[in-house]
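Inside the fold
Now for the letters of each chain:
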Amino acid sequence: MKKKIIICVFSILILITAIVFIIGAIQSYNYDITNNPDDKWVGFGAVLTLMVGGFVVFYELDLFYTTYYLLIKPKTIAKSILNILANLTLVIMYFTDSIAHFLFEHVSEIFGEEILLLFALFLVYIILRIVCIVLPVRQSTKDK
C-alpha cells in the first residue's frame, strides 16, 4: 500500500509540474508573439521555461527514486548514502551561482565561470548514480 501511495503522489506531482511549465511556456511564447513579433529572439523565453521545467521534472524523478529506495527497497548503508548525496548534488546545482561567486572571491579566479562548477556538479551526480548502480553488483559477486 505504501508503494502505491508513493508512486501516485510523485506521479501527480510530476504531471502537475509538467503541465504548469508547458502552460507557462505557451503563455510566454504568446506574449512574445503579440508584443514583439519582429524580435529575432521570439520564443526564447518559452525555451528557457521548458528547460527549467525539464530540470525540475528531472529533480522530481530523482527525488522519487531516492524516496522509493529509502522507503521500499532493501537498503545498504553505502547505497543509502550515495542516493542521498546524489540527490543533494542536484539541490546544490540550484545554488551554483552563489557557490561560484564565493569560490571566485576566496579560492581561485577559475570559478568566475559558474558553468564549470555546474558541469562539475553534474559530473559528480552522474558518477554517484553510476556507483550506486554498480555497487549491488559487486556486493553480490563477493557473496558467491
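That block above? That's the structure.
I will try to describe carefully the structure that is included in this document. (Residues numbered from 1 in each chain as written. Predicted model: local features only at pLDDT ≥ 70, side-chain atom pairs only at ≥ 80, totals over all residues. Heavy atoms only, no water.)

A few words now on the nonpolar core. Leu82, Ala86, Leu90, Met93, Ala100, Leu103, Leu117, Leu121, Tyr125, Leu128, Cys132 and Leu135 form the largest nonpolar core, which has 12 residues in total. Mapped by element, the contributors of at least two residues to this core are α3 (77-94), α4 (96-106) and α5 (114-143). Take this core: its biggest share by element is 6 residues, from α5. If we ignore the near neighbours within four places in the chain, the residues touching Leu90 are Phe55, Phe58, Tyr59, Asp62 and Tyr125. (Core = buried A, V, L, I, M, F, W, Y, C linked by side-chain atoms within 4.5 Å. Buried < 20%, exposed > 50% of the residue type's maximum accessible area, 1.4 Å probe, protein only. Helix = DSSP H or I, 4+ residues; strand = E, 2+ residues; numbered from the N terminus. Contact = heavy atoms within 4.5 Å.)

What follows deals with the environment of Leu13. Examined against the element boundaries, Leu13 turns out to sit in helix α1 (residues 2-35). On a C-alpha basis, the gap between Leu13 and Glu60 in space is 8.0 Å, while along the polypeptide they are 47 residues apart.

With that settled, consider the layout of surface pockets. If you add up the space inside the largest pocket, you get close to 450 Å³. Along the wall of the largest pocket there are 14 residues; nearest its centre are Val52, Phe55, Met93, Tyr94 and Leu118. Among the elements of the structure, α2 (44-71), α3 and α5 are those that each provide at least two residues to the lining of the largest pocket. In terms of residue count, the dominant contributor to the lining of the largest pocket is α2 (6 residues). Classifying every residue of the lining of the largest pocket by side-chain character gives 14 nonpolar, no polar and no charged. (1 Å grid on protein atoms, 1.4 Å probe; cavity = no way out; pocket = protein on both sides within 12 Å on 5 of 7 lines; lining within 4 Å. Points joined across faces, edges and corners; volume = space filled by probe spheres on them. Nonpolar A, V, L, I, M, F, W, Y, C, P; charged D, E, K, R; others polar.)

For the rest of this paragraph, the subject is the packing of α1 against α2. Look at α1 against α2: their axes get within 8 Å of each other, and the N-to-C directions meet at 175 degrees. Regarding the angle of α1 to α2, the classification is roughly antiparallel. Residues that form the contact of α1 with α2 fall into these classes: 21 nonpolar, 7 polar and 4 charged. (Axes fitted to C-alpha atoms, helices over the stretch in contact; angles between N-to-C directions. Parallel < 35°, antiparallel > 145°, perpendicular 65-115°, else oblique.)

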